[in-house]
Amino acid sequence: SQWPVRLLNEHPYVRQGEVVIVPVQHELSFSSNGCMQMLETAWPGPYSPSIEQMMSNLVRQYRHNSGAIVFSGMGSDGSLAAQYMQQQGAPVWTQEAQSCACSSMPDSVRAAGYSVLSATPEGLAQALVQYLLNQYTEDNDDIERKIS
């Protein structure tokens, strides 16, 4: 990877342009200040890490200010949490089946009706950039209205 790779215990925050490796033995949670927290407990359920639990922990903390992209993977891990994310106003996107090595995870989220966008990884990246630009513009418009 051209991005620097580091372990979670080196720095607890997600930073732009980095890959963070977290131990699969312990559940990961998030704090209100953006800090990732490795819990002493194991991931619940049959998968480690549990995408279901990761998504639930993320949306529980950040509500509509979070979201998820479900990429190629096996099983239906993430489908129940996708419903919870949608109820909280957080978008869930999926990788389209034709571009997946194994499409059962994104397929199950789509089949349940919780994916609002499905695209290739490149298309998802472009959509994410546009989504973030729109959020930035909306935030700046809100600030200008408050000042005026």
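Here the structure is shown first, and the text comes after it.
Residues numbered from 1 in each chain as written. Predicted model: local features only at pLDDT ≥ 70, side-chain atom pairs only at ≥ 80, totals over all residues. Heavy atoms only, no water.

> Can you help me understand the sheet that holds strand S5 (residues 68–70) in this one?
Strands in a sheet are paired, the pairing made by backbone hydrogen bonds, and the direction either parallel or antiparallel. Judged by pairing direction, the sheet is parallel, and its three strands sit side by side in the order S5-S6-S7 without closing on themselves. The strands lining the two open edges of the sheet, one partner per strand, are S5 and strand S7 (117–119). The mean inter-strand angle of the sheet, taken between neighbouring strand axes irrespective of direction, is 20 degrees. The sheet contact formed by strand S6 (residues 92–95) and S7 spans three bridges and is parallel. Bridge assignment links Trp-93 to a residue of S7, and that residue is Leu-117. Across the sheet, helix H3 (residues 104–111) is in contact with S5, S6 and S7; its angle to S6 comes to roughly 135 degrees. (Pairing = 2+ DSSP bridges. Helix = DSSP H or I, 4+ residues; strand = E, 2+ residues; numbered from the N terminus. Axes fitted to C-alpha atoms, helices over the stretch in contact; angles between N-to-C directions. Contact = heavy atoms within 4.5 Å.)

> Even after reading the chapter, I still don't get the packing of aromatic side chains, so can you show me in this structure?
For any pair of aromatic rings, the description consists of the separation of the ring centres together with the inter-plane angle of the planes. All chains considered together, the criterion is met by two aromatic pairs. Ring plane angle 85 degrees and centroid distance 5.9 Å describe the contact between Trp-93 and Tyr-131, whose orientation is recorded as edge-to-face. Pair noted here: Trp-93 is in strand S6 and Tyr-131 is in helix H4 (residues 121–147), with a separation of 38 residues, a long-range link. Overall, the relative accessible area of 30% leaves Tyr-131 in the partly exposed class. (Phe/Tyr/Trp six-rings, centres within 6.5 Å; stacked < 30°, edge-to-face > 60°. Buried < 20%, exposed > 50% of the residue type's maximum accessible area, 1.4 Å probe, protein only.)

> Got a minute to help me understand the pattern of salt bridges in this structure?
Opposite charge on two side chains allows them to pair when their charged atoms are near. Applying the stated criterion across every chain, the model contains three salt bridges. Two residues, Glu-18 and Arg-6, come together in a salt bridge whose shortest N-O distance is 2.7 Å. With a gap of 12 residues between them, Glu-18 in the loop between strand S1 (5–7) and strand S2 (19–21) and Arg-6 in strand S1 connect regions that are remote in the sequence. One exposure class covers both Glu-18 and Arg-6, and it is buried. (Salt bridge = Lys/Arg side-chain N within 4 Å of Asp/Glu carboxyl O.)

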